[in-house]
Amino acid sequence: MTQPPPVTPSLPLAQPPPPRPPPLLTPGGCQVRCAGCRMILTVGPGLTEFVCPTCQLPQMLPPELMRMPSQVPAHGIDPSKIQLPCANCKAILNVPHGLSRFACPQCKMELAVDLSRIKQFYPPPPEEVNEVAIDVEREEDGGGVVGETFMDYRPPKVSIGPPHPDPIVETSSLSAVQPPEPTYDLQTKDNLESTKALSCLQIETLIYACQRHMQHLQNGSRAGFFLGDGAGVGKGRTIAGLIWENWHHGRRKALWISVGSDLKFDARRDLDDVGATCIVVHALNKLPYSKLDSKSVGIKEGVVFLTYSSLIASSEKGRSRLQQLVQWYGSEYDGLIVFDECHKAKNLVPEAGSQPTRTGEAVLELQAKLPEARVVYCSATGASEPRNLGYMVRLGLWGAGTSFADFREFLVALDKGGVGALELVAMDMKARGMYVCRTLSYKGAEFEVVEVPLEPKMEEIYKKAAEFWAELRVELLSASAFLGDDKPSSSQLWRLYWASHQRFFRYVCMSAKVPAVVSLAKQALMDNKCVVVGLQSTGEARTEDAVTKYGIELDDFISGPRELLLKFVEENYPLPEKPESLPGEDSVKELQRKRHSANPDVSFKGRVRKTAKWTPASDAESDEESESDSGLESDDDEFQICSICNSESERKKLLQCSCCRQLLHPACVVPPETDAISSDWSCHSCKEKTEEYLQARHIYVAELLRRYEAAVERKSKILDIIRTFDLPNNPLDDIIDQLGGPGNVAEITGRRGMLVRAPNGKGVTYLARNTKDVTMEMVNMHEKQLFMDGKKLVAIISEAGSAGVSLQADRRALNQKRRVHVTLELPWSADRAIQQFGRTHRSNQASAPEYRLLFTNLGGERRFASIVAKRLESLGALTQGDRRAGPSLSAYNYDSSYGKKALVMMYRGIMEQDSLPVVPPNCSSDNPATIRDFIEKGKAALVSVGIVRDTVIGNGKDSGKFSGRIVDSDMHDVGRFLNRLLGLPPDIQNRLFELFVSILDHLLQNARLEGHLDTGIVDMKANTIELQGAPKTVHIDQMSGASTVLFTFVLDRGITWEVASALLSEKQKDMSGSSANGFYESKREWLGRRHFLLAIEGFSGMFKIFRPATGETLREMPLAELKDKYRKTMSLEKAHSGWTEEYEVSSKQCMHGPKCKVGSFCTVGRRIQEVNVLGGLILPVWGTIEKALSKQARLSHRRIRVVRIETTTDNQRIVGLLVPNGVVESVLQDLAWVQEIDD
């Protein structure tokens, strides 16, 4: 036997591979234990015999390790088919699954296969995935997207009173719900009918509110009513009508709580309008804190009008307004409490981490202390977010007797249900008769979005300002670093820095639009119209600072941005402390004297601890006379040791150093001391040390002083640079001045004083806004009246000054010219913007206003104006110019969960932690250098606005590159990103913003494809929709009698061949159409046939898709995807037969074919389908439905989906929850009451 090759021990060393005998073994080798020395050996692949390298014992592998190698499929075998031998020539054949008869290709012998015997050996092939079916399922899950649509409103069940003077609309979801039957009989009915003071829809509100106030909640308190009418529908007059109605029932005390004390005059006017002239309105802020019904105050009845800030006020003696009101009202009294503009109390249940506001708590406490009061909540924007409902405890949506134990549970359920759930709550409230919500139609109002590009000079200013702020940040960072550890206010400094930064750029943006505002206003005045200019902030604080600093006479208007910068740097530039300098001739003696006179028991740094001084021998017996009380050592120790010669002497003969406390013989001192010694004598070494100390101290103080002076000089240099900046003036003063001064412009803002140009045109003076005839609190009312009387034709309103003010072309006013409402600055929320537009668009107007939405060409602003425009358009306003269909409003809520996701993706892409999901603007994927360049610029920009922190500039191969981090809290903060973005130069600002928006669009598009996008209420569309059978009542609400009803509809969604070919030929008439329009068939076959569709080009290169079975799909398909999955059919015959066949087959079965796993419940691609919708009251059965849906197989079915469906035969509209067919049974079982009601 030949010597077997040696085997390597199992050591981690690289060995040369052993020679390989014929392969016999499992690939990869194995480990065995040597039969001799028990060492573990690694045997190479293919070896069976080997020699142990340690004990040299030849040995063999055990037989169980000599397995046959695993089979490698032979050449020519197709794993997707069955391999069978030919009965004649024995050749192995690849036979497709399911084929039972064929001829052998080699010997031509006819063969038959016994399928029953083969099945057990060969598993069936994997199920083919029908890609088209998946596409169709996604399209169906996306649901129909609806922007909020509005319907004309007429009271459905009340016919008293004249029609409303203006067109009123209601959201289409609310209009699908009927309120309960009106049962309440108004006392003031005849009076109202004869005077026509209230319209039919205001009278409807009165009836339902009084009817609701007759009911009590389960917890014993009286039920409340929510008046959600929009701006301008006439809420004030409706409230006055309610007070008047209650007055007739003997309830003569009422509280009216609102946002501003000016609105008291509106309250007075509204009461007079309904004929309640005898009811007195008392302004609480003018009354003392004593009892209201005491002899001194004497208020026994009437309306007490107060603001939310008064509600939380208290006197010095600790009496609160809240206690005063409860005492006046009496805890059992059942009068009216009106929370007007109650969204002020909205932060009762704030976001995580913040505290509830005192206002919210006071509103809650007032309701708790007066359980019998008749509460009315009024707000146009009260129900815009579920957590804002927290203080509306009298609505009875949560608590005893409901599906939700407390408000938290209610919130969680609504958050799961998304946008649609909130609309359902509103519908529920309307069905129970506790909510009305109508909005003034914007029909007749026109609006135009006006882009104001930055002028070259302004662009230069903006760019310089952005660079200056970035440099200032670096300057402040280095100045703070200089201060070392004593910088407690560092976080405070940065808070102020970013707040000023944001305010500064908002000012500059506003100023950029001033020339456009002035020219628009002048044009409108020439056209015999009048102008209202809306802005958010007035810059009052800056003006007051400047007047305090420079006096009331100035050369020109204040530049808000400049004053803001100056103030910030003056007050917050970090300076080191100014050192106390030492006097010039601070001699040794002086220093020792200082040291000596300090209290010796205390040791300070830099001072030596002192002891008693030596006195020359004298006859004085008394130590007290010669010594101060400085803790003298007692004279009992008569003998002491000299520190130099170590010999003992009498204490009296030794000197003591006043610094180091050493005792010395006069003779031992160098040079010896012979004369009488003064009390503050110090030894030679101490003298030397003191001189050194003084020199060092001088150098140190000089250095500190130099640093301090350098810092002061840098600060004054920065202030000088700011003063030389050419920054724009305060926009408010500028506009008033350019439109003819305060004599021509009515100002309705919150500020107290203004700058006015001198009559000779030189210089400006600061004046109070009021005159001696008009008090400061009446000045806005006075200015408003001048505008309404036509004495001034331009009004400027700020958010603070204009809450609740009416400036429409009122038929009762002298000035009925058409209003042109120009927005200089939009609030960052569409709701608040609509509130501002509601100032000029209100009931009883002679003409609807024209809106001009101004914005600069800076990223953030442009996008925002489009949101507000969309919102107005949905309310029925006319646009001028192009009306291209854009995405729905909800998509542009940047601060949504998708906005946060998009921000994180963008930040990660720029920080190079991840790749960007889209190509950045002005870059190309073919040229990666452009993307790299953009990422570097983007990173530098984010560094300069403080989003990327702890930056380090790389060296070596990374030289010039930044590295840093973005803290977690910034990662998701969209608001901060949008604010900081404004502080970047226009070019990079727009590019970063475009990148953010394109990532957001990309995410929304994906969410829509996957069926996750919450689009609120979804419209179910089909060619024919019919109600099948009678609706089933499944639940009845005890209090209001409203019910929950199950409707079953039959939908036919298909498109016949005739309709489809007509669509195509219509499109082909238009010569500009794409050559890609036409009929397509799928490239693959399923169940023996191909799928057909019609593609017609829509907007921006996307194609609208029509399928025979499901009609027009919501999702548009890009051309690339269309060509990838389908091919165009040139033969109309083929398209016709394929289309018709699919149309016929889809009426009975889904796209998965007869063997579909879900069976008859599957609706994917089915033309005729049954749809179940739960309508009416939903909240009481919410939990039951959620439980049933959670068990569904299809993901999209687990989500609560709110749908709107309208029958094609009789146009009956139902809005409710979609109940998938497979769940209907379990929902009905869980609602155990069903049978009882039906029986």
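Now for a description of the structure that goes with this document. Note that the structure is a prediction, hence the values are computed from the model and not measured. (Residues numbered from 1 in each chain as written. Predicted model: local features only at pLDDT ≥ 70, side-chain atom pairs only at ≥ 80, totals over all residues. Heavy atoms only, no water.)

1. Comments concerning the nonpolar core
Link 1 in the chain: Formed by 76 residues in total, the largest nonpolar core has its most connected members in F339, L366 and F410.
Link 2 in the chain: The element best represented in this core is helix α11 (residues 407-431), accounting for 13 residues.
Link 3 in the chain: What F339 contacts, discounting residues up to four positions off in sequence, is I257, Y308, V363, L366, Q367, V375, V376, Y377 and C378.
Link 4 in the chain: Formed by 70 residues, the second largest nonpolar core is a distinct cluster that contains L981, F993, F996 and I999. (Core = buried A, V, L, I, M, F, W, Y, C linked by side-chain atoms within 4.5 Å. Buried < 20%, exposed > 50% of the residue type's maximum accessible area, 1.4 Å probe, protein only. Helix = DSSP H or I, 4+ residues; strand = E, 2+ residues; numbered from the N terminus. Contact = heavy atoms within 4.5 Å.)

2. Notes on helix α29 (residues 1057-1069)
Link 1 in the chain: Its 13 residues place the ends of α29 19 Å apart at the C-alpha level, agreeing with the 18 Å of an ideal helix rising 1.5 Å per residue.
Link 2 in the chain: Where α29 is concerned, the buried positions are W1057, A1060 and L1064. Seen along its axis, α29 keeps its buried residues to an arc of 70°; they face one direction. In α29, the exposed residues that point more than 90 degrees away from the buried face are E1058, E1066 and K1069.
Link 3 in the chain: For α29, the secondary structure elements touched by its buried residues are β40 (1078-1082), β41 (1092-1097) and α31 (1132-1145). (Expected span 1.5 Å × (residues − 1). Arc of directions from axis to C-beta.)

3. With respect to the pairing of strand β38 (residues 1032-1036)
Link 1 in the chain: Sheet topology note: the β38/strand β39 (residues 1043-1052) ladder contains four bridges and is antiparallel. Within β39, the residue paired with K1032 across the bridge is L1046.
Link 2 in the chain: From the end of β38 to the start of β39, which pair antiparallel, there are six residues, and G1041 there has a positive phi angle of about 80°. (Pairing = 2+ DSSP bridges.)

4. A word on the pattern of salt bridges
Link 1 in the chain: Enumeration according to the criterion identifies 44 salt bridges in this entry.
Link 2 in the chain: Between R812 and D810 there is a salt bridge, with its nearest N and O atoms 3.1 Å apart.
Link 3 in the chain: Judged by its relative accessible area of 7%, D810 falls in the buried class.
Link 4 in the chain: A salt bridge links R818 to E850, with the shortest nitrogen-to-oxygen separation between them at 3.6 Å. Here the residue R818 occupies a position in the loop between α21 (799-802) and β31 (819-823), and E850 occupies one in strand β32 (residues 850-856), the gap between them amounting to 32 residues. (Salt bridge = Lys/Arg side-chain N within 4 Å of Asp/Glu carboxyl O.)

5. Examining the packing of aromatic side chains
Link 1 in the chain: Per the stated rule, a full pass over the model turns up 28 aromatic pairs.
Link 2 in the chain: Measuring from centroid to centroid gives 6.2 Å for Y377 and Y391, while their planes differ by 65°, and the two rings are edge-to-face. Taken together, the residues span a long stretch of sequence, with Y377 in strand β17 (residues 374-378) and Y391 in the loop between β17 and α11 at a distance of 14 residues. In terms of burial, Y377 and Y391 fall into one category: buried.
Link 3 in the chain: Ring geometry for F404 against F410: centres 5.5 Å apart, planes inclined by 75°, an arrangement best described as edge-to-face. F410 shares its class with F404; the two are buried.
Link 4 in the chain: Ring pairing ties together the aromatic residues Y462, W469, W494, Y497, W498, F504, F505 and F568, which thus form one cluster.
Link 5 in the chain: The ring of Y289 is capped by R321, whose NZ or CZ atom sits 3.9 Å from the centre of that ring.
Link 6 in the chain: Above the face of the Y1143 ring, R1167 is positioned so that its terminal group lies 3.8 Å from the ring centre. (Phe/Tyr/Trp six-rings, centres within 6.5 Å; stacked < 30°, edge-to-face > 60°. Lys NZ or Arg CZ within 6 Å of the ring centre and 35° of its normal.)

6. Here we look at the environment of L984
Link 1 in the chain: Note on placement: L984 falls in the loop between α27 (974-981) and α28 (986-1010).
Link 2 in the chain: Remark: the alpha-carbon pair of L984 and A466, spanning 518 residues in sequence, is separated by 5.4 Å.
Link 3 in the chain: Leave out the neighbours within four places in its chain, and L984 touches Y462, A466, A941, S944, V945, Q989 and L992.

7. Topic: the pairing of β32
Link 1 in the chain: β32 sits mainly inside the fold: seven of its seven residues count as buried.
Link 2 in the chain: With burial as the criterion, each face of β32 is covered, one bearing E850, R852, L854 and T856 and the other bearing Y851, L853 and F855.
Link 3 in the chain: Across seven bridges, the pairing between strand β20 (residues 446-452) and β32 is parallel. Within β32, the position partnered with E451 by the bridge is F855.
Link 4 in the chain: Bridge count between β31 and β32: four bridges; the pairing is parallel. Within the sheet, the bridge partner assigned to V822 lies in β32 and is R852.

8. With respect to the sheet that holds β17
Link 1 in the chain: The strand order across the open sheet built from seven strands is β14-β15-β13-β16-β17-β12-β18, with neighbouring strands paired in parallel fashion. Both edges of this open sheet fall to β14 (281-283) and β18 (435-436), since each of them pairs with a single strand only.
Link 2 in the chain: Note that strand β13 (residues 253-258) and strand β16 (residues 336-339) share four bridges and pair parallel. Paired with W256 across the strands is V338, a residue of β16.
Link 3 in the chain: Along the sheet face, helix α5 (residues 200-213) touches β12 (225-227), β16, β17 and β18 and points at about 155° away from the line of β12. (Axes fitted to C-alpha atoms, helices over the stretch in contact; angles between N-to-C directions.)

9. Some details on the side chain of R769
Link 1 in the chain: Position of R769 among the secondary structure elements: in the loop between β29 (764-768) and α20 (779-788).
Link 2 in the chain: Setting aside its immediate chain neighbours within four residues, R769 contacts E747, I748, T749, R751, R752, G753, M754, M776, V779, N780 and E783.

10. Observations concerning a negative patch on the surface
Link 1 in the chain: Together, E459, E460, E467, E471 and D987 line one region of the surface with negative charge.
Link 2 in the chain: Locating D987 in the fold gives a position in helix α28.
Link 3 in the chain: Residue class for D987 comes out exposed when judged on its relative accessible area of 51%. (Patch = residues over 30% accessible without salt bridge, like charges linked within 9 Å, V, L, I, M, F, W, Y side chains within 5 Å. Areas by Shrake-Rupley, 256 points an atom, 1.4 Å probe, with all protein chains shown as cover. Lys, Arg positive; Asp, Glu negative; His and termini not counted. Charge placed at Lys NZ, Arg CZ, Asp CG, Glu CD.)

11. Quick look at α31
Link 1 in the chain: A rise of 1.5 Å per residue sets the reference length of α31, with its 14 residues, at 20 Å; its end C-alpha atoms lie 20 Å apart and thus fit the reference within 8%.
Link 2 in the chain: Of all the residues in α31, the buried ones are A1135, G1138, W1139, E1142 and Y1143. Angular distribution of buried residues about the axis of α31 spans 135°; they occupy a single face of the element.
Link 3 in the chain: On its buried face, α31 is in contact with β39, α29, β40, β41 and β42 (1102-1107).

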